[in-house]
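Each chain is listed here by its residues.
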Amino acid sequence: MVSLVVQDQFSPHTHIVTFIMPVSSPIKVLLLVVVVGVCVVSGDHHEDFGKISMRCVSEGRFSHPEDCGSFVDCLYSSRSADGDDDNDDDEPQLIARVGSCRGRAFHPTLKKCIDLNAMRGCLPRAARALVADPKLDFVCEGSNSEFVCADCKTLVNCVNGTAYPEVCVAGDLCATKEAQFGGGVCYPGQPPECHCDQPNQFKIDLYDETRFFFCEDVASDPIIYQCPEDHAFDPNTSQCRNFDGLPECTSIGVFANAENCSQYYNCIFTTNGWVQKAFSCNNDTHQNLMYNEISGRCEDPCEWDTGSFSCNQEGRFNDPTNCNAYFECVSDTNAKSGFRQTHHTCPEDYEWDPSARNDYGHCVLKGTSKASCIPVVASKCSVNRDQCNK
């Protein structure tokens, strides 16, 4: 049994209201002094019930004394209940915030909103309509009727699997406190993972890897952002990265994934932005293949022409990777290979023509070489050549 002192400001009479709680309910007693009037209760996401002043004696989520379809969150805050931030007392104070079940009934033992037919005799007050967000329904999967944190600033009231988001007020963060509140609650300064520790900082969201927040300054309110679809926030690079680990598209085409060359991807630009699709060279019949951007095929990297050159006879020879350069090979018994190999570059606007001077080779003006030159382009992917010889 809980007794409340209720005084009507429009009447000189004081009423003593007694609420009888079920004996089997282990609910903690919430002592409240309620003054009926016409003021607004602080807290953007909480319902208004007239002017009420509540004094909490313990932390937790409790039944509302006047509405079975509402609840009261009692939580510690450095801000006083009347909003006075200049309170000299450093001791955190318990403050009361009213929340609504949006047409459902609050169960004091489960600390969550349930169907009205499960709470006999409950006739909740009409609540302000709260807009559902189907994009957040995934948060309610496995939590049919719970209070869940969608991100560091968003508390979701899951009602029959439908998400009703509520943004925490400035200074509050969404924290999961099962023991006291039976789930998520907008709580002053907690959890620490959602704190802004440094100015101009990006941090991954505690509850959703596809979200991150920006900190303008130390102890500032986090600003939540969402990565594009199929992307997650990488705290090491402070970038949204594809779930497949693919680089971001910057041009149209098909490209090898330099971090995993057995994988390649195409980039298509549409009116809605880049469309990226990943493919793999490996299948049931082919393994250890890599994508060659030059040929546009999956190939054995051990068979790729890398453009490497080694002297095996005297003379001057073209550089396979550079049309205006050449190698000079001179016999040298002191060299391990038996040749002294020197690399040379032709002057600007000249190229190497191996057919010049009776096939001895010489630098000629660009465009006048009688021998065609198609330089070998090294792939961005590489393989250990020692593995190829095994």
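Use the structure listed above.
These figures come from a predicted structure and were not determined experimentally. (Residues numbered from 1 in each chain as written. Predicted model: local features only at pLDDT ≥ 70, side-chain atom pairs only at ≥ 80, totals over all residues. Heavy atoms only, no water.)

Student: Account for the state of the cysteines, naming residues and giving values.
Tutor: Taken as a whole and assessed by the stated rule, the structure comprises 15 disulfides. Each sulfur of the disulfide joining Cys-281 and Cys-298 lies 2.1 Å from the other. With the S-S bond torsion at -75°, the cross-link from Cys-281 to Cys-298 turns out left-handed. Residue Cys-281 is found in the loop between strand 21 (273-280) and strand 22 (290-292), and its partner Cys-298 is found in strand 23 (residues 297-299); the two are separated by 17 residues along the sequence. Of the residues examined, Cys-281 reaches a relative accessible area of 4% and is grouped as buried. Take Cys-298: its relative accessible area is 29%, and that puts it in the partly exposed class. (Disulfide = S-S within 2.5 Å. Helix = DSSP H or I, 4+ residues; strand = E, 2+ residues; numbered from the N terminus. Buried < 20%, exposed > 50% of the residue type's maximum accessible area, 1.4 Å probe, protein only.)

Student: Talk me through the environment of Pro-320; I want residue IDs and the actual numbers.
Tutor: Checked against the element boundaries, Pro-320 lands in the loop between strand 24 (315-319) and strand 25 (322-331). Looking at Pro-320, the relative accessible area reads 22%, which means it is partly exposed. A sequence separation of 13 residues divides Pro-320 from Gly-307, and the C-alpha atoms of the two residues are 5.2 Å apart.

Student: Which residues make up the sheet that holds strand 6 (residues 93-100), and what values do they have?
Tutor: Strand pairing in a sheet relies on backbone hydrogen bonds, with the paired strands running either antiparallel or parallel. Overall, antiparallel pairing links the 3 strands, which are arranged 4-5-6 in an open sheet. In this open sheet, the two edge strands, each paired with only one partner strand, are strand 4 (60-63) and strand 6. Adjacent strand axes in the sheet meet at a mean angle of 25° when their direction is disregarded. (Pairing = 2+ DSSP bridges. Axes fitted to C-alpha atoms, helices over the stretch in contact; angles between N-to-C directions.)

Student: Mind laying out the packing of aromatic side chains, listing which residues take part and the relevant values?
Tutor: By the definition in use, this model includes 14 aromatic pairs. Here the aromatic rings of Phe-202 and Phe-214 are separated by 4.9 Å at their centres, their planes lie at 45°, and the arrangement is tilted. Of the two residues, Phe-202 sits in strand 14 (residues 201-204) while Phe-214 sits in strand 15 (residues 211-215), which places them 12 residues apart along the sequence. On the accessibility criterion, Phe-214 (16% relative accessible area) is buried. A centroid spacing of 6.0 Å and a plane angle of 40° characterise the contact between Phe-309 and Phe-317, whose relative ring orientation is tilted. By relative accessible area, which is 23% here, Phe-317 ends up partly exposed. Grouped by ring-pair contacts, the aromatic residues Phe-202, Phe-212, Phe-214, Tyr-225 and Phe-233 constitute a single cluster. (Phe/Tyr/Trp six-rings, centres within 6.5 Å; stacked < 30°, edge-to-face > 60°.)

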